[in-house]
Amino acid sequence: MYDYISIHAYDYTKQIRSEVLEHYILNLGFTKVSHLRFINEINGEIVQIKGIPANPDGSYAFHSLESVEEINLIEIDLPRNVHGILEHSISQIAVLIAKEFSWMIDDDHGLN
């Protein structure tokens, strides 16, 4: 079971190019596993980041991200047993991403 952290523009209208996200996430030490999907092992747990095109209300549905050129939502999937150092590390990553793109971290999901 996973929970996630959502990072997005206030009203989902600001978009970023997929290659911009890719470059930034790779510089954070993540590995690209497919278009707009990245993973990294942090404190023994796999953490995944996805770039997603979302509707203005934040909802989305897609079969594949392969042809997506712009995104307006980033999700960081959280392992079930997130705590302590891992929680702090993931929080720092979320804050770095939000600051880089001048987006916000959604209060409805994620870490405490």
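Procedures and definitions
Residues numbered from 1 in each chain as written. Predicted model: local features only at pLDDT ≥ 70, side-chain atom pairs only at ≥ 80, totals over all residues. Heavy atoms only, no water. Buried < 20%, exposed > 50% of the residue type's maximum accessible area, 1.4 Å probe, protein only. Helix = DSSP H or I, 4+ residues; strand = E, 2+ residues; numbered from the N terminus. Pairing = 2+ DSSP bridges. Contact = heavy atoms within 4.5 Å. Polar contact = N/O pair within 3.5 Å; in protein donor to acceptor, adjacent residues only side chain to side chain.

How should I be thinking about the pairing of strand β5 (residues 45-52) in this particular structure?
Of all eight residues making up β5, six are buried, and the element is well covered by its neighbours. In terms of strand pairing, strand β4 (residues 37-42) meets β5 through six bridges, oriented antiparallel. Pairing of Glu41 across the sheet is with Ile46, part of β5. Inspection of the sheet shows β5 paired to strand β7 (residues 73-78) by five bridges, in the antiparallel sense. Paired with Ile49 across the strands is Ile76, a residue of β7.

Hey, could you run me through the environment of Asn72 in this one?
Within the secondary structure, Asn72 is located in the loop between β6 (70-71) and β7. Residue Asn72 is classed as buried on the basis of its relative accessible area, which comes to 1%. Among all residues touching Asn72, those that are not within four sequence positions of it are Ile7, His8, Ala9, Tyr12, Lys14, Gln15, Ile52, Pro53, Ala54 and Trp103. Only 2.8 Å separates the side chain of Asn72 from the backbone oxygen of Tyr12, close enough to count as a polar contact.

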